[in-house]
Amino acid sequence: MTGKVKISFMIVVWSIVAIQMYVNYRQEASRALTAFSVVKDESLTETIKGYGYFETMKLGTVSRKKMLEKLAKDLGITDGYTFTSGAGDGYKKLILTKRGRHATTILQIVSLSDELDESGVPEQYIAVDITTKKKYNSAVELYHRVKKLYKDMGLNGRVSLEVEAEQKGNVIADKGEETFDELLSGLNAKKVDEITDNGIYTVYGYTRNERDHLMLNGRKVNVQIVMSYDEEKDKTYFKIGMPIVNTSY
């Protein structure tokens, strides 16, 4: 199968999968909505990231643009986006960016020119980065939608969701354990471990609803909840990661 035929085939498959994907992801997402409702959304930022291997093949600029536009359409983006390109040591990339009122979406096709097969063809990767300040349920739905996107395309993708929030008062002192328990319960997760260090409280959990996981001391984890309290501002800060929190805290 030639590279051109592969691209055309994938675009057709994406059109078919998009319909089934919409039906499936809403059912999966509903399992997690209760958990994030525990955190009052006084200030919420959600980030969904995905990265996965697509194919070892040569891709021209026109083909890469068509692929990114199809991916954007499957995520509900049909206009108002821009294209930029970038390059560095051993890679080049084409980037589609959509800056909306409530969300910024960045889609990339990354060509790794130093990762070549015997014929000298680069490996192609697809990256998704969505940052939104919508309600928590929209972010969870997007997370599952991106997961289904990678899965149903047959791509070996890693997808994560991270929610940052803050609330007035010392939630840790008032009802810290209760909040942790409610969050884990809403995610159908069981506590695996907990750590307290320098005023930062962290709980790791595991839910069978999520296929992806990491290993912590020989045990599976795919939920991480972090809480810290700022006495000067009298605010409690939350970070909730699936499968894990990827940013500093």
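This structure is a prediction, so every number in the text was calculated from the model and none was measured.

Parameters and conventions
- Residues numbered from 1 in each chain as written.
- Predicted model: local features only at pLDDT ≥ 70, side-chain atom pairs only at ≥ 80, totals over all residues.
- Heavy atoms only, no water.
- Helix = DSSP H or I, 4+ residues; strand = E, 2+ residues; numbered from the N terminus.
- Buried < 20%, exposed > 50% of the residue type's maximum accessible area, 1.4 Å probe, protein only.
- Contact = heavy atoms within 4.5 Å.
- Areas by Shrake-Rupley, 256 points an atom, 1.4 Å probe, with all protein chains shown as cover.
- Polar contact = N/O pair within 3.5 Å; in protein donor to acceptor, adjacent residues only side chain to side chain.
- Pairing = 2+ DSSP bridges.
- Core = buried A, V, L, I, M, F, W, Y, C linked by side-chain atoms within 4.5 Å.
- Expected span 1.5 Å × (residues − 1).
- Bend = angle between axes of the 7 residues up to and from the residue.
- pLDDT = per-residue confidence, 0-100.

Caption draft 1: View of the overall build of the chain. Helix and strand counts for the chain come out as four helices and 12 strands. A buried classification covers 45% of the 249 residues belonging to the chain. Sequence-distant contacts, at least 24 apart, represent 62% of the contacts inside the chain between residues at least 6 apart. Accessible area of the chain: about 13300 Å², with a carbon and sulfur share of 48%.

Caption draft 2: Representation of the side chain of Ser-111 within the structure. Position of Ser-111 relative to the elements: it lies in strand β4 (residues 103-116). Among the polar contacts made by the side chain of Ser-111, one reaches the side chain of Gln-124 at a distance of 2.5 Å.

Caption draft 3: Spatial organisation of the pairing of strand β3 (residues 91-99). Here strand β2 (residues 81-88) pairs with β3 via eight bridges, running antiparallel. Considered in β3, the bridge of Thr-84 is made with Ile-95. Counting the residues in the hairpin turn of β2 and β3 gives two residues, including Gly-90, whose phi is positive at 90°.

Caption draft 4: Quick peek at the environment of Leu-155. Mapped onto the elements of the fold, Leu-155 is located in the loop between α3 (136-152) and β6 (156-168). In this structure, the C-alpha to C-alpha distance between Leu-155 and Phe-54, residues 101 residues apart in sequence, is 5.9 Å. When residues no more than four places from it in sequence are discounted, the contact partners of Leu-155 are Tyr-53, Phe-54, Ile-126 and Tyr-150.

Caption draft 5: Broad picture of the nonpolar core. Core analysis: the biggest nonpolar cluster contains 46 residues, and Ile-48, Leu-107, Val-146 and Leu-161 have the highest contact counts within it. Of all the elements, α3 adds the most residues to this core, at seven residues.

Caption draft 6: Quick peek at helix α2 (residues 61-74). With 14 residues, α2 should reach 20 Å at 1.5 Å per residue; the first-to-last C-alpha distance of 20 Å fits that figure. Residues of α2 that are buried: Arg-64, Met-67, Leu-68, Lys-70, Leu-71, Ala-72 and Asp-74. Two residues or fewer after α2 comes Gly-76, characterised by a positive phi angle close to 90°.

Caption draft 7: Examining helix α4 (residues 171-186) more closely. Taking 1.5 Å as the rise per residue, α4 with 16 residues should run 22 Å; its terminal C-alpha atoms sit only 18 Å apart, a clear shortfall. Of all the bends in α4, the largest measures some 45° and sits at Glu-177. Here α4 has its buried residues at Val-171, Ile-172, Gly-176, Thr-179, Phe-180, Leu-183, Leu-184 and Gly-186. If you check the start of α4, you find a side-chain oxygen 3.2 Å away from the backbone N of Ile-172, and it comes from Asn-170. Within two residues after α4, Asn-188 carries a phi angle of roughly 55°, on the positive side.

Caption draft 8: Representation of the confidence of the model for the chain in the model. Summing up the model confidence of the chain, the mean pLDDT is 80 and the portion of residues at 70 or higher is 78%. Considering only residues more than four positions removed or in separate chains, one finds that residues 1-34, a stretch of pLDDT under 50, has 50 contacts.

Caption draft 9: Spatial organisation of the pairing of strand β11 (residues 223-230). The pairing of strand β8 (residues 200-207) with β11 spans six bridges and is antiparallel. In the sheet register, Ile-200 faces β11, and the bridge partner there is Ser-228. In terms of strand pairing, β11 meets strand β12 (residues 235-242) through seven bridges, oriented antiparallel. The residue of β12 that forms the bridge with Tyr-229 is Thr-236. In this antiparallel pair of consecutive strands, β11 and β12, the connection spans four residues, and Asp-234 shows a positive phi of 50°.

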